[in-house]
Amino acid sequence: MQTMLLDVMKIPVDDPVAFTFFTGYMAMAAASVFFLFERGTVADKWKTSLLISGMITGIAAVHYYYMRDYYISTHSTPVALRYIDWTLTVPLMVIEFYLLVRGAGAKIGLLWKLVAAAVFMLVCGYIGEAFTDGSKFHSNLWGALSTLGYVYILYSAWYGEIAQLAAKSDSAAVQKGVRYLSWFIFAGWAIYPIGYMAMPGGLLGPDGLNLLKSSSLDLIYNLGDAVNKIGFGLVVYGIARSESAVKAHPEGTGAVAGAVGQPGVRVGAVA
């Protein structure tokens, strides 16, 4: 048993993919603990958002625990585990958008449209990657279909319903948060198609432009997960702390409290 454990836990010093699987697991686990413990420092309306952030990184940590051992044992891509993780965590990430703009009048229909687009994106990507026959046609077809779901979420965040609701919000922190998360969707999520196109039959892989090796796929995916899942949560955390501080110390409260504490100053005069 001990020998088996040591065999599984060896990290090749010249394998960056194995390194990112191990560090990804620890980073996701640490982020999850941080978000869950910090729920107690924010106002009640933000606790659900931080809970979801902790769930995203927590689910990812569990899957990275199994993916790292799978990769070390087989040196092959854990496609099924990867997409199981994404099927759970990506819809949770778009739910964060809904929670941010719910106070500005977001309807439940927006939530379901975002989740449906995320699931469609992932299902098409899974078919393209898990059932590839190595042809460019298969890779490009399912990659293009998957992109439709991505484009819908991207448009909604930048110009569509999410952007319009954020503009109506009276919270500067919410507006800034939506803008930051929109950049994650635009730039952060764009990392994943690069990894997808590195697979056999992919546009950037050995069968295409030959800019990437097939082994680059997991490295790119691992970096994308770290940037997007932890980064998403940190943006939400920053908004929650900012908004909670405003509610706890609204403008003018500190001045009133200070005046009341001054000798000879009457409360009526402050009012």
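Description of the structure in this document. Note that the structure is a prediction, hence the values are computed from the model and not measured.

### Things to note about the overall build of the chain
Then, number 1: When you go through the chain residue by residue, the secondary structure sums to 12 helices and zero strands.
Then, number 2: Overall, the chain shows an N-to-C arrangement of helices and strands of α-α-α-α-α-α-α-α-α-α-α-α.
Then, number 3: Across the 271 residues that make up the chain, the buried fraction comes to 45%.
Then, number 4: In the chain, once contacts between residues fewer than 6 apart in sequence are set aside, the share between residues at least 24 apart is 74%.

### What about the packing of helix H3 (residues 44-74) against helix H4 (residues 79-101)?
Then, number 1: Between H3 and H4, the least distance of the axes is 10 Å, while the angle of their chain directions is 165°. Considering their axes alone, H3 and H4 lie roughly antiparallel with respect to each other. Judged by the sense of rotation from one axis to the other, the crossing of H3 with H4 is left-handed.
Then, number 2: Here the contact of H3 with H4 is composed, by residue class, of 18 nonpolar, five polar and three charged.

### Looking at the pattern of salt bridges
One side chain can pair with another of opposite charge once the charged atoms of both are near each other.
Then, number 1: For the structure on display, the rule yields seven salt bridges.
Then, number 2: We note a salt bridge from Asp225 to Arg82, for which the minimum N-O separation is 3.4 Å. Highlighted residues: Asp225 in helix H10 (residues 216-248) and Arg82 in helix H4, separated in sequence by 143 residues.
Then, number 3: What makes Asp225 buried here is its relative accessible area of 0%.

### Some details on the packing of H4 against helix H5 (residues 108-130)
Then, number 1: Relative to each other, H4 and H5 sit at 160°, their axes nearing to 9 Å. The angle between H4 and H5 falls in the class roughly antiparallel. Considering only the axes of H4 and H5, their crossing is right-handed.
Then, number 2: Looking at the contact of H4 with H5 residue by residue, the classes come out as 22 nonpolar, two polar and one charged.

### Some thoughts on the nonpolar core
Most often, soluble globular proteins keep nonpolar side chains buried together rather than apart.
Then, number 1: Within the largest apolar cluster, 58 residues are counted, with the highest numbers of intra-cluster contacts made by Phe97 and Trp189.
Then, number 2: Per element, the largest residue contribution to this core is 12 residues, and it comes from H4.
Then, number 3: Counting residues in each nonpolar core, the second largest holds eight residues, with Val17, Tyr64, Tyr71 and Ile72 among its members.

The rules behind these values
Residues numbered from 1 in each chain as written. Predicted model: local features only at pLDDT ≥ 70, side-chain atom pairs only at ≥ 80, totals over all residues. Heavy atoms only, no water. Helix = DSSP H or I, 4+ residues; strand = E, 2+ residues; numbered from the N terminus. Buried < 20%, exposed > 50% of the residue type's maximum accessible area, 1.4 Å probe, protein only. Contact = heavy atoms within 4.5 Å. Axes fitted to C-alpha atoms, helices over the stretch in contact; angles between N-to-C directions. Parallel < 35°, antiparallel > 145°, perpendicular 65-115°, else oblique. Left-handed = near helix turned anticlockwise from the far one by under 90°. Nonpolar A, V, L, I, M, F, W, Y, C, P; charged D, E, K, R; others polar. Salt bridge = Lys/Arg side-chain N within 4 Å of Asp/Glu carboxyl O. Core = buried A, V, L, I, M, F, W, Y, C linked by side-chain atoms within 4.5 Å.

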